[in-house]
Amino acid sequence: MTLAGARRRVRARIGGTVQGVGFRPYVFKLAARLELSGFVLNDERGVLVEVEGEGAIIDRFLECLPAEAPPLATVEGVWREEVAPTGELGFRIVASAGGGETSALVAPDSATCADCLTELFDPANRRFRYPFINCTNCGPRFTIVLGVPYDRHRTTMAGFQMCPRCRAEYDDPADRRFHAQPNACAECGPAVRLTDASGASADAAGARDAIEAAARGLRDGAIVAIKGLGGFHLACRAGDERAVATLRARKYREAKPFALMVDSIDAARELVEVGQLEEALLTGRERPIVLCLRRAGAPVAPEVAPRSRELGVMLPYSPLHHLLLGDAAVPLVMTSGNLSDEPIAYQDADGVYRLAGVADLFLQHDRPIQTRTDDSVLRVVTVGGKQRALPLRRSRGYVPEGLELPVEAPPLLACGAELKSTFCLAKGRRAWIGHHIGDLKNYETLCAYREGIGHFERLFAVEPEVVAHDLHPDYLSTAYALERAGVELVAVQHHHAHLAACLAEHGEAGPAVGAIFDGSGFGPDGTVWGGELLYGGLGGFERAGHLWPVTMPGGDRTVLEPWRMACAWLVEAKGTEPELPPTLTGAVEPRRWSQVARLAGGGIAAPVTTSAGRLFDAVAALCGICPRVEYEGQAAIELEALAAPEERGCYPLDVCTEARPGAVVLDARDTVLAAARDASAGISAATISARFHRAVAAATAQACELVARRHGVALVVLSGGVFQNRRLLEDTAARLSRAGLRVLIPERLPPNDGGIAYGQAAIAAWGRAHVRPG
């Protein structure tokens, strides 16, 4: 037994996100305050501390350690052991140790803190207007890290040698920049420059610096490519209709909404409705884009977000952004620095080469970016009487923060799907979901995907023994998985992965009922699934029901031409070739309509689908919305935006149990006919949309309740890309709650295919953990 007053020495291992967040300086100051001796260091597993002193004081130190941790730290555990006292005097930070297996967590990039902002705008401060100001509480982390332990020489700041004043701050335990690895100033750190596409200097006469010159260009109508934390943005003045139209034309992005950046939460309120949770998200250290309802009369060009009730808004998250927004003094479009369907540019030469035909000016800097990282996107939904953040894209500010798995995993890689691609590395109870890559449909995105996997494997020391992949044989992610030699391959059905991802992030294993609605996923029966009612959990599933099956005349062309799905649903509902609806006259030639109607009869060019996404496309087309689309999900997004909030009508949507023995079928044939009749009668698209949404929500809730009662469970998961639709999600969840069922939705990962990889990892881990011997 150890007496509280006796001299002791304790070794403590701290796990979690504790590197690159000022944790060692914090431990140093805490030990000094309590007059303890010992040391602290970073290693591959996190932070290691040894403290020596009076026993009661050591106990107090260990209690304070997680409770008073720095704002960017996440302490997941403190493991301690008694060791022999050495008589050591004083406390010190020692050099990082290496050589063991890596398990340390890497912090995400964090928005500029209040202290650094004060210095940034203080003319008397030596870092006045220095666009790379940072400290232990803010700044770049994931986008600059090369390896762990997290030290300067393992970041892209390795090439910048600190000047004497920066070094003094770095070495001073009382300073906010004590052991801040990206620490720098104008004398010794990265610098910005403004050029045109040829590389010639474009500094404006009288401008204080390149940032002020760029702001002048933006106010004058220029399009500026800006190198930020995780890659390039393309920016222009949000209220300048000509500049916004020019950016759309040059970027080949005709309709997809642009994001906006404003300089403060007050400026955001001038554009959009900002509730309590929206404000918390906008001002948090992650600084995502948040979709908010547009205010009437918002001073934004209509083409920023055509046919949308929402605007995607974010606040500055780097010093460069703060300076630029302050100098421009107007809201800016801040969209990804790429051409349509390409990954964002993040390297200097590549950025200029790819964006030379888009940008008039280039605001660049010489701090290398290790990992390209898009902005994250969220929206707020109300489920179970509580507002919740629903991620639509998880990337900068959140990655590479890990998620726990419900079971121990061998070293494994989960390859994700094809659209909104991410990957997942896992070992033990930890899973690291990669940053948003994009749609795996071209060579550039595939290269980014491969690079990302390689970086995560090195960063977290995962050598996969198991590789999980989608069941679809033609996905590039599947092809990549099949290339991996010497591993156990696990094929996972797409919608099962959606179900598992939501369950696992909530610490559940199932069983549950899952309404998994999306655009498409390969079914074990060879058809295209997408409107699925599943019963099961991490260990397996059964198909308990689905949307009424129809054909996709022209296959994947239906995704780009929703009018084809309108035709297919009308053929299925009427049993004969339908007339061309008046809402599509002018958009579709009658001869072409007849050809597609005949094609909808079936055959190799008209695969069968139960896709909920394609049903939304069909109704949107019948309303005259998006007979053709530019981006994935556009028709459904614009249909949701049009829905009349006050409309209480509801179309019929039968929930059948006789159509297929043992299965529940959502028969939307009468739904489509009712929508078509209303559209032909001149009923507004807003009314049709609202009635359709209510029909789908009511039928989905009824079907889920039926399956849940049949199996004796009370847990329902709502996931898949269609449930990004706030109106559908909230209405369905409310009906299920009223029926006494508990509803889970994705809250840390997107409901779209950005969460698939984590679900695959959870299923593969569960399968390995529960394999029967022999």
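Relevant structure appears above.
Summary of the structure given here. (Residues numbered from 1 in each chain as written. Predicted model: local features only at pLDDT ≥ 70, side-chain atom pairs only at ≥ 80, totals over all residues. Heavy atoms only, no water.)

1. Side note on the packing of helix α18 (residues 634–642) against helix α20 (residues 685–711)
The cut-off we apply is this: Inter-axis angles, ranging from 0 to 180 degrees, are taken between N-to-C directions of lines fitted to C-alpha atoms, where helices are fitted over the stretch in contact. Strands here are runs of E lasting at least two residues and helices are runs of H or I lasting at least four, both read from the DSSP assignment and numbered beginning at the N terminus. Each angle gets one of four labels, with under 35 degrees taken as roughly parallel, over 145 as roughly antiparallel, 65 to 115 as roughly perpendicular, and the rest as oblique. Residues count as neighbours in contact if any of their non-hydrogen atoms are within 4.5 Å of one another. Each residue gets one label: Ala, Val, Leu, Ile, Met, Phe, Trp, Tyr, Cys and Pro are nonpolar, Asp, Glu, Lys and Arg are charged, and the others, such as Gly, are polar.
α20 packs onto α18 with a crossing angle of 105° between their chain directions and a minimal axis gap of 8 Å. Judged by the inter-axis angle, α18 sits roughly perpendicular to α20. In this structure, α18 contributes L639, E640 and L642 to the contact, and α20 contributes A685, A686, S689, F692 and H693. For the contact of α18 with α20, the class distribution of residues is 5 nonpolar, 2 polar and 1 charged.

2. Some points on the sheet that holds strand β2 (residues 37–43)
How we decide: Between any two strands, pairing holds if DSSP finds at least two bridges.
Here we have 5 strands laid out as an open sheet, ordered β4-β1-β3-β2-β5, and mixed in their pairing. Strands with a single pairing partner mark the edges of an open sheet, and in this sheet they are β4 (74–83) and β5 (91–93). For this sheet the average axis-to-axis angle between neighbouring strands, irrespective of direction, equals 15°. Sheet topology note: the β2/β5 ladder contains 3 bridges and is parallel. Across the sheet, residue V40 finds its bridge partner in β5, namely I93. Strands β1 (7–17), β2, β3 (46–54), β4 and β5 of the sheet are contacted by helix α1 (residues 23–33), whose axis makes an angle of about 175° with β5. Packing against the sheet, helix α2 (residues 55–67) makes contact with β1, β3 and β4, and its axis sits at approximately 150° to β3.

3. Concerning the nonpolar core
Using the following cut-off: Residues belong to a common nonpolar core when they are buried Ala, Val, Leu, Ile, Met, Phe, Trp, Tyr or Cys residues joined through side-chain atoms within 4.5 Å. Think of it in three bands: with a 1.4 Å probe and only protein chains considered, a residue is buried below 20% of the maximum accessible area for its type, exposed above 50%, and partly exposed in between.
The biggest cluster of nonpolar side chains holds 115 residues, and the ones touching the most others in it are L363, W569 and L718. Here this core gets 12 residues from one element, more than from any other, and that element is α20. Excluding residues within four positions of it along the chain, L363 makes contact with R193, L194, A210, I211, A214, V224, A225, I226, K227 and L320. Counting 41 residues, the second largest nonpolar core, distinct from the first, contains I265, L271, A298 and A389.

4. Looking at the side chain of D240
Selection criterion: What qualifies as a polar contact is a pair of N or O atoms within 3.5 Å, subject to a donor-acceptor requirement within protein and to the restriction that residues adjacent in sequence count only when both atoms come from side chains.
Residue placement: D240 occurs in the loop between β8 (232–237) and α6 (241–251). Here R242 takes part through its backbone nitrogen, which lies 3.1 Å from a polar atom of the side chain of D240. Within the structure, D240 has its side chain in polar contact with the backbone nitrogen of A243 (distance 3.1 Å). With residues up to four places along the chain from it excluded, the contact list for D240 reads G221 and A301.

5. Considerations on unusual backbone geometry
That bond from V399 to P400 is cis: its omega, 10°, falls within 30 degrees of zero. At the junction of G510 and P511, the peptide bond is cis and its omega measures out at 10° in the coordinates. On the secondary structure map, P511 appears in the loop between α13 (494–505) and β20 (512–522). Positive phi is not limited to glycine here, since R307 has a value of about 55°. Position of R307 relative to the elements: it lies in the loop between β10 (289–293) and β11 (310–314).

6. So, the sheet that holds β8
Taken together, 10 strands build an open sheet; the order of strands is β6-β13-β7-β8-β12-β9-β11-β10-β14-β15 and the sheet is mixed. Only two strands of the sheet have a single neighbouring strand rather than two, namely β6 (192–195) and β15 (386–393). With strand direction ignored, the average angle separating the axes of adjacent strands in the sheet is 35°. Where β8 lies against strand β12 (residues 332–336), 5 bridges are found, and the strand directions are antiparallel.

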